Amino acid sequence: SVLVASVRALKMHGGGPRVVPGLPLPEAYTKENIGLLEKGLPNLMHHLVTIRTSGINPVVCLNRFSTDTDAELQFVKKAVENAGARCAVATHFAKGGEGAIELATLVKEAADEKNNFHFLYPLDMKLRQRVETIAKTVYGAAGVAWSPEAEAKAKKFEADPQYDDYATMMVKSHLSLTADPTK
């Protein structure tokens with residue numbers, strides 16, 4: 001599993017100003033700011049924990065932007081490595097394959113490592129239980145509330161034998177692990 005991150009995204013998760021397409025980047029993203037970066041690290045660390053619940057140790061791909069400083073990149077890399085994961089700084093968008101050699105090397109090392117992969121839930125678990133398990137484990141929710149219409153649809157899927165062997169995909173905004181993008 002490769003977890004992709006960037007200094008810019010971590011600064012956003014640390015409370016940095018909103019990035020607006022078509023406008024210049026706010027200074028928080030163009031100048032070194034380890035404090036803002038440090039505030040955003042819990043988001044990355046949460047995703048590392050989530051991936052590890054599947055029994056594998058992820059590789060972090062830290063996409064480098066021209067505005068990132070070496071100190072910022074090293075700060076994140078050290079935090080990831082201290083958490084027990086591999087971390088590559090990648091410049092493949094600027095340099096093509098040459099910029100992804102470190103990442104490729106770490107991914108190969110990880111792929112050669114023994115793992116204990118398992119799904120988050122048993123595959124025979126019903127849809128509503130799957131959603132609750134994902135919400136609690138991945139997003140830290142206390143539980144799930146279903147609208148009457150959503151619950152009726154879920155029950156219909158659960159009752160249909162055609163869906164006995166289906167995958168469950170939950171999609172959420174990249175802005176936050178919660179419903180509040182300021183957290």
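## Overview of the overall build of the chain
1) Next: Each helix and strand counted, the chain has eight helices and three strands in total.
2) Next: Reading the helices (α) and strands (β) of the chain from amino to carboxyl end gives β-α-α-α-β-α-β-α-α-α-α.
3) Next: Over its C-alpha atoms, taken along the principal directions, the chain stretches across nearly 55 × 40 × 30 Å.
4) Next: Burial status across the chain gives 34% buried among its 183 residues.
5) Next: As displayed, the chain offers around 11300 Å² of accessible surface, 58% of which is attributable to carbon and sulfur atoms.
6) Next: Charge-centre separation for the chain: the mean point of 22 positive side chains lies 3 Å from the mean point of 21 negative side chains.

## Quick word on the packing of helix H3 (residues 34–52) against helix H4 (residues 70–82)
Helices that pack against each other are described as a pair by the angle of their axes relative to one another and the distance between those axes.
1) Next: Between H3 and H4, the shortest axis-to-axis distance is 11 Å and the interhelical angle comes to 30 degrees. The two elements H3 and H4 cross, and the hand of that crossing is right-handed. Contacts between H3 and H4 involve Ile-34, Leu-37, Glu-38, Leu-41, Leu-44 and Met-45 from the former and Ala-71, Glu-72, Phe-75, Val-76, Ala-79 and Val-80 from the latter.
2) Next: Looking at the contact of H3 with H4 residue by residue, the class counts come to 10 nonpolar, no polar and two charged.

## Some points on the nonpolar core
Nonpolar side chains in soluble globular proteins generally cluster together in the buried interior.
1) Next: Counting residues in each nonpolar core, the largest one holds 19 residues, and the members touching the most others are Leu-44, Val-60, Leu-62, Val-76 and Val-80.
2) Next: Going through the elements one at a time, strand E1 (2–6), helix H1 (7–13), H3, strand E2 (59–63), H4 and strand E3 (86–90) are the ones with two or more residues in this core.
3) Next: The element that contributes the greatest number of residues to this core is H3, accounting for five residues.
4) Next: Aside from chain neighbours lying at most four places away, what touches Leu-62 is Ala-5, Ser-6, Val-7, Leu-73, Val-76, Cys-87, Ala-88, Val-89 and Ala-90.

## Some details on the sheet that holds E1
Backbone-to-backbone hydrogen bonds pair the strands of a sheet. The strands run either parallel or antiparallel.
1) Next: One open sheet accounts for three strands, arranged E1-E2-E3; its pairing is parallel. Looking at which strands have only one partner, the edges of the open sheet turn out to be E1 and E3. The average angle at which neighbouring strand axes cross in this sheet is 25 degrees, direction not considered.
2) Next: Packing against the sheet, H3 makes contact with E1 and E2, and its axis sits at approximately 175 degrees to E1.
3) Next: Most of the contacts of helix H6 (residues 101–112) go to E3, to which it runs at about 155 degrees, and overall it touches E1, E2 and E3.

## Things to note about H6
1) Next: Taking 1.5 Å per residue as the helical rise, H6 with its 12 residues ought to reach 16 Å, and the 17 Å between its terminal C-alpha atoms agrees with that figure.
2) Next: Taken residue by residue, H6 has Leu-103, Leu-106 and Ala-110 as its buried positions. What you see down the axis of H6 is that its buried residues fit within an arc of 70 degrees, all on one side. Across H6 from its buried face, at more than 90 degrees, point the exposed residues Ile-101, Lys-108, Ala-111 and Asp-112.

## Digging into the side chain of Glu-158
1) Next: Mapped onto the elements, Glu-158 comes out in helix H8 (residues 148–159).
2) Next: Setting aside residues no more than four positions away along its own chain, Glu-158 makes contact with Lys-126, Leu-127 and Arg-128.

## Details of a nonpolar patch on the surface
1) Next: Where nonpolar side chains cluster on the molecular surface, the patch consists of Val-2, Val-4 and Val-107 and spans about 220 Å² of accessible area.
2) Next: Summarising the element assignment, Val-4 is placed in strand E1.

## Some details on the pattern of salt bridges
1) Next: Overall, the coordinates contain 10 salt bridges when judged by the stated rule.
2) Next: The salt bridge partner of Arg-64 is Asp-70, with a shortest N-O separation of 2.8 Å.
3) Next: Residue Arg-64 is classed as partly exposed on the basis of its relative accessible area of 33%.
4) Next: With a closest N to O distance of 3.3 Å, Glu-151 and Arg-128 form a salt bridge. Of this pair, Glu-151 sits in helix H8 while Arg-128 sits in helix H7 (residues 127–139); the two residues are 23 residues apart in sequence, bridging distant segments of the chain.
5) Next: Judged by relative accessible area, Glu-151 falls into the partly exposed class, the value being 28%.
6) Next: One connected set of salt bridges, linked through shared partners, spans Arg-86, Glu-109 and Glu-113.

Definitions and cut-offs
- Residues numbered from 1 in each chain as written.
- Predicted model: local features only at pLDDT ≥ 70, side-chain atom pairs only at ≥ 80, totals over all residues.
- Heavy atoms only, no water.
- Helix = DSSP H or I, 4+ residues; strand = E, 2+ residues; numbered from the N terminus.
- Buried < 20%, exposed > 50% of the residue type's maximum accessible area, 1.4 Å probe, protein only.
- Areas by Shrake-Rupley, 256 points an atom, 1.4 Å probe, with all protein chains shown as cover.
- Lys, Arg positive; Asp, Glu negative; His and termini not counted.
- Charge placed at Lys NZ, Arg CZ, Asp CG, Glu CD.
- Axes fitted to C-alpha atoms, helices over the stretch in contact; angles between N-to-C directions.
- Left-handed = near helix turned anticlockwise from the far one by under 90°.
- Contact = heavy atoms within 4.5 Å.
- Nonpolar A, V, L, I, M, F, W, Y, C, P; charged D, E, K, R; others polar.
- Core = buried A, V, L, I, M, F, W, Y, C linked by side-chain atoms within 4.5 Å.
- Pairing = 2+ DSSP bridges.
- Expected span 1.5 Å × (residues − 1).
- Arc of directions from axis to C-beta.
- Patch = residues over 30% accessible without salt bridge, like charges linked within 9 Å, V, L, I, M, F, W, Y side chains within 5 Å.
- Salt bridge = Lys/Arg side-chain N within 4 Å of Asp/Glu carboxyl O.

These figures come from the coordinates and say nothing about function on their own.
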